[in-house]
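Okay, here's what each chain looks like letter by letter:
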Amino acid sequence: MFHKEGFKIILITLFAVIGISVIAHYFVDILWLKKLIQIVAFLFLIAILQFFRNPKRITPKNDQHIIAPVDGKVVVIEEVFEKEYFKDKRLQVSIFMSPVNVHVTRYALGGKVTYSEYHPGKYLVAWHPKASEENERTTIVVDNPVFGEVLYRQIAGALAKRIVNYAKVGETVVQGEDAGFIKFGSRVDVYLPLGTKINVQLNQTVKGGIDVIAEK
């Protein structure tokens, strides 16, 4: 299954690969070069398909749990000052997605969306300390009956050129459901209330919609 955000890119890539293969077949006389061009084009199509894959995940819904919003590796666990919305100290958990990870963003908790804002910006590498403040990003806040307001931020990386965010202020969202997509990038930060129990460690690999990263 592929994510709907990738349908157009997949279709364009498919036609391009077919076109390149046909051109190579008829206009390249050197056999090894012809085969090389066709193989590289096919591998590129495979890479696009795997990037936009959208595996079905069954999330055990629990308001006492915060689940991983994306697949990837935990790269930050620290107390920070969140200055866009809360303007106070929060526990930040950041998950970095490599190009081979699933890039679907899922709601880490259920509740009512109270804030959803897009910010244009730079395309620094996702692990850069300034990426969460200077890169293209979206900031979303969900009000949950157990945790209160929890903020998560989709952050574009050096390759990402578009963030897709489905959260709309006032709507009620369900834990584990599709919340958006980051095309070709790269990190999600979650800001939790102080005192929240963190269930993951630095460099731990997590699965979005499955693994519990924090609990009350």
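- Labelled according to an unreviewed UniProt entry, the protein chain appears under the name Phosphatidylserine decarboxylase related protein, originating from Capnocytophaga ochracea.

## Quick look at the packing of helix 1 (residues 7–27) against helix 2 (residues 31–51)
Then, number 1: Relative orientation of the contacting elements helix 1 and helix 2 amounts to 175 degrees, with a least axis distance of 9 Å. Between helix 1 and helix 2, the interaxial angle falls into the category roughly antiparallel. Mapping the contact onto sequence places Ile9, Ile10, Thr13, Leu14, Val17, Ile20, Ser21, Ala24 and His25 in helix 1 and Lys34, Ile37, Gln38, Ala41, Phe42, Phe44, Leu45, Ile48 and Leu49 in helix 2.
Then, number 2: Of the residues that constitute the contact of helix 1 with helix 2, the class distribution is 13 nonpolar, four polar and one charged.

## Details of the side chain of Arg57
Then, number 1: Assignment of secondary structure puts Arg57 in the loop between helix 2 and strand 1 (65–67).
Then, number 2: Since its relative accessible area comes to 19%, Arg57 is described here as buried.
Then, number 3: In terms of polar contacts, Arg57 uses its side chain to reach the backbone carbonyl oxygen of Gly208, at 2.7 Å.
Then, number 4: Apart from residues lying up to four places away in sequence, Arg57 is in contact with Asp71, Val102, Arg106, Lys207, Gly208 and Ile210.

## What to know about the UniProt feature "transmembrane region" (unreviewed entry) in the protein chain
Then, number 1: Listed under "transmembrane region" (unreviewed entry) in the UniProt record, and renumbered for this structure, are residues 7–27 and 33–52.
Then, number 2: Between the C-alpha atoms that bound residues 7–27 the distance is 30 Å, and the span itself is 100% helix and 0% strand.
Then, number 3: Between the first and last C-alpha atoms of residues 33–52 the distance is 29 Å; the span itself is 95% helix and 0% strand.

## Brief notes about the sheet that holds strand 4 (residues 104–106)
Then, number 1: Read across the sheet, three strands follow the order 4-10-8 without closing on themselves; strand pairing throughout is antiparallel. The open sheet has two edge strands with one neighbour each: strand 4 and strand 8 (162–165). Pairwise comparison of adjacent strand axes, ignoring direction, gives a mean angle of 20 degrees for this sheet.
Then, number 2: By the bridge criterion, three bridges tie strand 4 to strand 10 (residues 178–183) in an arrangement that is antiparallel. Residue pairing in the sheet places Val104 in a bridge with Phe181 of strand 10.

Procedures and definitions
- Residues numbered from 1 in each chain as written.
- Predicted model: local features only at pLDDT ≥ 70, side-chain atom pairs only at ≥ 80, totals over all residues.
- Heavy atoms only, no water.
- Axes fitted to C-alpha atoms, helices over the stretch in contact; angles between N-to-C directions.
- Helix = DSSP H or I, 4+ residues; strand = E, 2+ residues; numbered from the N terminus.
- Parallel < 35°, antiparallel > 145°, perpendicular 65-115°, else oblique.
- Contact = heavy atoms within 4.5 Å.
- Nonpolar A, V, L, I, M, F, W, Y, C, P; charged D, E, K, R; others polar.
- Buried < 20%, exposed > 50% of the residue type's maximum accessible area, 1.4 Å probe, protein only.
- Polar contact = N/O pair within 3.5 Å; in protein donor to acceptor, adjacent residues only side chain to side chain.
- UniProt positions renumbered as here; feature names shortened; annotations may be inferred.
- Pairing = 2+ DSSP bridges.

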